[in-house]
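Structural overview
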Amino acid sequence: MRMIDTHAHMDASEFDSDRALLFERMRDAGIEKTVIPGIAPEFWSKQLDVAKQFDCPFALGLHPWYCTEQYQRQLDELEKQLIANRSTPNLVALGECGLDKVKAENWSWQLEAIEQQLKLAAELELPVILHVVKAHNEMINVLKRTSFEFGGVIHAYSGSLETGLEYIKLGFKLGIGSLVVNKNAKKLRKAVSELPIDSLVIETDSPYMLPKSSTQTLHTPLFAEQYIAEVACLRKKTSVFISERLFVNSRQLFEI
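Below is a summary of the structure that appears in this document. (Residues numbered from 1 in each chain as written. Predicted model: local features only at pLDDT ≥ 70, side-chain atom pairs only at ≥ 80, totals over all residues. Heavy atoms only, no water.)

On to the environment of G175, then. Note that G175 resides in strand β7 (residues 172-176). Overall, the relative accessible area of 0% leaves G175 in the buried class. Between the alpha carbons of G175 and E203 there is a distance of 6.0 Å; along the sequence they are 28 residues apart. Apart from residues no more than four positions distant in its own chain, G175 is found in contact with V153, I154, H155, A156, Y157, V201 and E203. (Helix = DSSP H or I, 4+ residues; strand = E, 2+ residues; numbered from the N terminus. Buried < 20%, exposed > 50% of the residue type's maximum accessible area, 1.4 Å probe, protein only. Contact = heavy atoms within 4.5 Å.)

Okay, structure coming up:
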């Protein structure tokens with residue numbers, strides 16, 4: 001099977017001890033590309049080094065958790081980094097950015113930051129990787145109000161069929177990860193079984209979001225095969241069929 005993990009933090013310290021070996025295992029497993037998202041200025045340098053060393057597509061953005069009262073300075077630095085890397089073929093998106101109501105203490109800064117990042121992505125004609133937690137209505141309203149036309153992916157999608165269709169109308173794909181193997185995630189599993197197959201991509205969010213049922217201690221892109229198998233089961237298709245469709249979706253989304 002050919003696979004692309006559309007969201008994995010391969011620059012995380014959890015991978016420092018055996019990153020090269022892990023990339024070898026990923027290639028052997030059929031994972032041809034791994035998109036590394038950015039989250040904040042203090043992490044971009046290492047992220048870019050890892051992306052260069054292992055020839056990974058990457059995105060740069062300001063994650064809502066890291067959005068501070070100095071968000072304007074953070075966004076100015078983001079613009080500089082995006083422009084500096086604009087000619088690099090592996091720069092494929094702006095992100096990870098978005099809205100997260102679980103971390104509501106910086107909500108007003110999040111709203112300002114996402115609008116500016118969408119404007120910047122539009123200027124650079126880049127898709128966006130959106131982190132949306134308990135804020136789908138707000139995010140959909142922002143996307144409509146800003147008339148963002150370059151699409152992207154809703155990272156770690158956990159919403160309903162109806163909300164998923166709203167995002168698809170706006171030109172987005174939905175990132176399906178570890179939650180899909182949780183039998184209690186009935187809303188998501190129903191959505192995955194019924195949404196258009198060309199609207200889905202696979203992701204792990206490694207090293208985060210390890211499945212609760214896992215006996216392993218570290219989440220890696222090698223779990224992608226398991227999530228593809230679950231999507232295949234829900235849609236009553238073969239894993240080979242699903243992996244190929246999601247592979248094509250990912251290549252189209254990020255032009256990789």
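Additional details are given in the paragraphs that follow.
Bringing the environment of V231 into the picture now. Mapped onto the secondary structure, V231 falls in helix α8 (residues 224-235). Ignoring any residue separated from it by four or fewer positions in sequence, one finds V231 in contact with I176, V180, V192, I202 and I242.

What follows deals with the nonpolar core. Counting residues in hydrophobic clusters, the biggest one holds 72 residues, and the most contacted among them are M10, L82, L130, Y167, I176 and V180. Per element, the largest residue contribution to this core is seven residues, and it comes from helix α4 (residues 107-124). Apart from residues no more than four positions distant in its own chain, V180 is found in contact with L188, R189, V192, Y227, E230, V231 and L234. Ranked by size, the runner-up nonpolar core spans 12 residues in total, among them V35, A93, V201 and F254. (Core = buried A, V, L, I, M, F, W, Y, C linked by side-chain atoms within 4.5 Å.)

Inspection of the entire model under this criterion finds seven aromatic pairs. Plain terms: the ring middles of Y157 and Y167 are 6.4 Å apart, the flat faces sit at 90° to each other, and that makes the pair edge-to-face. Taken together, the residues Y157 in the loop between β6 (152-155) and α6 (161-169) and Y167 in helix α6 connect sequence positions 10 residues apart. As far as burial versus exposure is concerned, Y157 and Y167 are alike and both buried. Ring pairs connect the aromatic residues F148, F150, Y157, Y167 and F172, which therefore count as one cluster. (Phe/Tyr/Trp six-rings, centres within 6.5 Å; stacked < 30°, edge-to-face > 60°.)

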